[in-house]
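# Analysis of the macromolecular model
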Amino acid sequence: MATIDTPDIAADETLPVPGKKVFIKTFGCQMNVYDSERMAEAVSPLGYAETGVLEDADLVILNTCHIREKAAEKVYSDLGRIRQVKDERRLAGKDTVVTVAGCVAQAEGQEIIARAPAVDLVIGPQSYHRLPELLYRARSESRRIVETAFPEEDKFSRLPEARVARAATAFLTVQEGCDKFCTFCVVPYTRGVEYSRPVAELVAEARKLVAAGVREVTLLGQNVNAYHGDGDDGRPATLATLIRKLSEVEDLERIRYTTSHPRDMSDDLIRAHRDEAKLMPFLHLPVQSGSDRILAAMNRKHTADDYRRLVGKIRDARPDMALSTDIIVGFPSETDADFEATLALVAEMGFAQAFSFKYSPRPGTPAAKMDEQLPETVKSERLARLQELLDQSQARFNAGCIGKTLPVLFEKSGRHAGQLVGRSPYLQLVHATAEPAVLGHILPVEISAAGPNSLSGVIRAA
Ligand code: 5AD
Ligand code: SF4
C-alpha cells in the first residue's frame, strides 16, 4: 500500500474489502478534477472502485466549489437527494459514508454538518492524504468529522504515488493557493497561500503519466505562472524552467498550463512560448474587467493598457497565440462607462474563448462589503451583452481556422458512429472520421467547417 498516514487504523481495516464502491461528483475548476482523481486513488487501496451510480455507492464524495454562490448552493441541494438515497440504502441494510470535500468544505466546515444531516465527513483540500484515516474514524467512532486545518506536511508527497492514466490528456497540479487577494475572490481563503511542488517530483509524475499513455499534460495552479517550486539546483525554479524540463520527457507531446495572472507573465515564460515546440499556443489570461477604476477596486494591480501591452508582447513572441480570459460583470459600483470599457477591450483582443460571470458576493471577501452592490437585473443585462460579443469573437476565431491543417490529438469517440474528437493546439474541439486506433495520437486535420464551439475536418496523411 502507498504512503498514506494510517496510524490509528486496526490491521483488518487496512485490508482492502473488495466490492465497495465510491461515487465522486466534481464541481468547479480543473484542479478539483485532478483532486477527485487523486482521492479516487487514495481510497482504491481500501477496496473502493468507482461507480457512476449514486445508489450503488458505499462512499459518496462531493468535491465542491465555493467560487460563486450558485456553485456552493448546488452542493446543498445535492446533499438533500443524497440523504434520501442514504435512507433507502439503510433500509436495505447498507451503509453509506457521505463526504464533502473541496472549497465549500474548507469555507463552511462545521456549518455543513449543521445544515446537512447526511454528511459524515467534511475534508478541506489540504487534507486529502488523510482521507483513508478520517473515513475509518468517521465509521469506527460513529462521529461526524470536520477536517479543515492547513497541515504542516505536504499532501502531495503523502498521497498514493500511482497515477492511473484515464486518457491521452491529464491534469497535473504544480501549484496551489494564491497570495493575490483579488477583492472578489475566495481562493486565498479556501486554498491558502501559494505553494509550489518541486520540479523533480513533477517530472517524475509526468513520466508516470506518459508511461501510462498520456500525451498531453495541463499544468494546474490557481496562479500557475507564479510557480516557484524547488529546482534541481535547490533554488526556486520558474514555470518556464519547469516547462523546459517537461519538454525533455520523451513521448510527452503537448504541454499546457492554467490559470495565469497578468502580473506573473514573465519574459522568460513568454520566450518559452516562442522556443518550446511542445508548449501549446493557448493562454488563459483572466483580465476580469476593462475599466481601470474597477481593476483597482478588484486589487488586480494591472490596468487595461498593461493587459493590452502584455498581449502585444506575447503575440510578438508567438503570433498565432489563442487567448482566453475570465471577465466579471456587475462588480460593486461598476457604471455603464466601466462596462463599456470592458466591451471595448473585448472587441480589441480577439479572444478565442472566454468565461464570463455575474459578480457574486462571497462571504469574507472585501468586495462583498463594498457599497453600491448592483441589482441582479443590471448584472444579467450586462452579462448577456458581453456574452454576445464573446460568442462572436470565438466564432470569428474558429472560422479563421477553416482551410488550415491543424495537428489534432485525438482523445475520445464522438457522438456519431465512426467519428472521433480531439483538440487542436488552440484547445478547440475537432471532429473527424477516424479509426479508434488513432486515439492518443496526433494527426493533421484539414479544417473544413467551424461551429461556435467546435471544428470539423478531414485527416490528411501525416
Ligand atoms: N463572482 C463572480 N466571479 C468570480 N470569479 C471569482 N470570484 C468570483 C466572484 N465572487 C471568477 C473570476 C475568476 C474565475 C475563476 O471565476 O473571473 O477568474
Ligand atoms: Fe482569485 Fe485568481 Fe485573484 Fe488569486 S489571482 S485571488 S485565484 S482571482
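Reading guide: rules and limits
- Residues numbered from 1 in each chain as written.
- Chains lettered and ligands numbered in written order.
- Predicted model: local features only at pLDDT ≥ 70, side-chain atom pairs only at ≥ 80, totals over all residues.
- Heavy atoms only, no water.
- Buried < 20%, exposed > 50% of the residue type's maximum accessible area, 1.4 Å probe, protein only.
- Helix = DSSP H or I, 4+ residues; strand = E, 2+ residues; numbered from the N terminus.
- Pairing = 2+ DSSP bridges.
- Domains from an automatic or database assignment.
- Contact = heavy atoms within 4.5 Å.
- Buried area = accessible area lost by both parts, 1.4 Å probe.
- Salt bridge = Lys/Arg side-chain N within 4 Å of Asp/Glu carboxyl O.
- Polar contact = N/O pair within 3.5 Å; in protein donor to acceptor, adjacent residues only side chain to side chain.
- Axes fitted to C-alpha atoms, helices over the stretch in contact; angles between N-to-C directions.
- Phe/Tyr/Trp six-rings, centres within 6.5 Å; stacked < 30°, edge-to-face > 60°.
- Lys NZ or Arg CZ within 6 Å of the ring centre and 35° of its normal.
- Left-handed = near helix turned anticlockwise from the far one by under 90°.
- Nonpolar A, V, L, I, M, F, W, Y, C, P; charged D, E, K, R; others polar.
- Near = heavy atom within 4 Å.
- Areas by Shrake-Rupley, 256 points an atom, 1.4 Å probe, with all protein chains shown as cover.

### A look at the pairing of strand β4 (residues 97-101)
Counting buried positions over the five residues of β4 gives five, a clear majority of the element. Burial of the side chains of β4 extends over both faces: Val97, Thr99 and Ala101 are buried on one face and Val98 and Val100 on the other. Bridge count between strand β3 (residues 59-64) and β4: five bridges; the pairing is parallel. In the strand pairing of β4, isoleucine 61 is matched with threonine 99. Pairing of β4 with strand β5 (residues 121-123), which is carried by three bridges, proceeds in the parallel orientation. For valine 100, the partnering residue across the bridge sits in β5 and is valine 122.

### Quick look at the domain arrangement of the protein chain
One can read the domain layout of the protein chain as domain 1 (11-147), domain 2 (155-399) and domain 3 (405-459). Its C-alpha centre places domain 1 at a distance of 29 Å from the equivalent point of domain 2. Taken together, the contacts link 24 residues of domain 1 with 30 residues of domain 2. The contact between domain 1 and domain 2 buries some 2600 Å² in all, and 57% of this surface belongs to carbon and sulfur atoms. When residues of domain 1 are sorted by the area they lose upon contact with domain 2, Met31, Tyr34 and Arg38 head the list and together hold 28% of the total. Here domain 1 and domain 2 share two salt bridges between them. As a salt-bridge pair, arginine 191 and aspartate 35 come within 2.9 Å of each other at their nearest N and O atoms. Along the contact surface separating domain 1 from domain 2 lie ten residue pairs in polar contact (both at pLDDT 80 or more). Sorting the residues of the side of domain 1 that touches domain 2 by element identifies α2 (30-43), α3 (69-91) and α4 (102-108) as the ones contributing at least two each. If one sorts the elements of the side of domain 1 that touches domain 2 by residue count, α2 sits on top with eleven residues.

### Side note on the sheet that holds strand β15 (residues 405-413)
Either a parallel or an antiparallel arrangement is found when strands of a sheet pair, and the pairing is made through backbone hydrogen bonds. One closed barrel holds the five strands; their spatial order is β15-β16-β17-β19-β18, and the pairing between them is mixed. Strand-to-strand twist in this sheet, taken as the mean axis angle between neighbours without regard to direction, amounts to 55°. Bridge analysis of strand β16 (residues 419-423) against strand β17 (residues 429-433) gives five bridges, and the strand direction is antiparallel. By the bridge assignment for β17, glutamine 419 is matched with threonine 433.

### What to know about the sheet that holds strand β13 (residues 322-329)
The sheet built from three strands is open, its strands ordered β12-β13-β14 with parallel pairing. Whereas interior strands pair on both sides, the edge strands pair on one side only; in this sheet they are β12 (282-284) and β14 (353-358). On average, each strand axis in the sheet is inclined to that of its neighbour by 10°, with strand direction left out of account. Across six bridges, the pairing between β13 and β14 is parallel. Residue pairing across strands places isoleucine 328 opposite phenylalanine 357, the latter belonging to β14.

### With respect to the packing of aromatic side chains
Overall, the coordinates contain five aromatic pairs when judged by the stated rule. Pairing phenylalanine 331 with tyrosine 359 gives two aromatic rings, centres 5.4 Å apart and planes at 65°, and the pair type is edge-to-face. Residue phenylalanine 331 is found in the loop between β13 and α14 (336-349), and its partner tyrosine 359 is found in the loop between β14 and α15 (376-399); the two are separated by 28 residues along the sequence. Neither phenylalanine 331 nor tyrosine 359 differs from the other in exposure class; each is buried. Put simply, the rings of Phe184, Phe331 and Tyr359 touch in pairs and so form one group of aromatic residues. If you follow arginine 68 out to its NZ or CZ, it ends over the ring of phenylalanine 357, 3.6 Å from the centre. When the ring centre of tyrosine 76 is taken as reference, the NZ or CZ atom of arginine 115 above it lies at 3.5 Å.

### Quick notes on the packing of helix α9 (residues 199-211) against helix α10 (residues 239-247)
Axis separation between α9 and α10 bottoms out at 10 Å; the angle between their running directions is 35°. You can see that α9 and α10 cross each other, and the crossing is right-handed. Across the interface between the two elements, Val199, Leu202, Val203 and Ala206 of α9 pack against Leu242, Lys245 and Leu246 of α10. The residue inventory of the contact of α9 with α10, partitioned by class, reads six nonpolar, no polar and one charged.

### As for the site of ligand 2
Near ligand 2 you find Cys178, Lys180, Phe181, Cys182, Phe184, Cys185, Val187, Pro188, His261 and Arg300, and these make up its full shell. Its residues placed into classes, the shell around ligand 2 shows seven nonpolar, one polar and two charged.

### Section: the site of ligand 1
In the neighbourhood of ligand 1, the contacting residues comprise Ile67, Arg68, Phe184, Gln288, Asp326, Ile328, Phe357, Lys358, Tyr359, Ser360 and Arg362. A distance of 2.7 Å is found between an oxygen atom of ligand 1 and a side-chain nitrogen or oxygen belonging to glutamine 288. Here a nitrogen atom of ligand 1 sits 2.7 Å away from a polar atom, N or O, in the main chain of serine 360. Notes on ligand 1: free accessible area 400 Å², of which the protein chains cover 87%.

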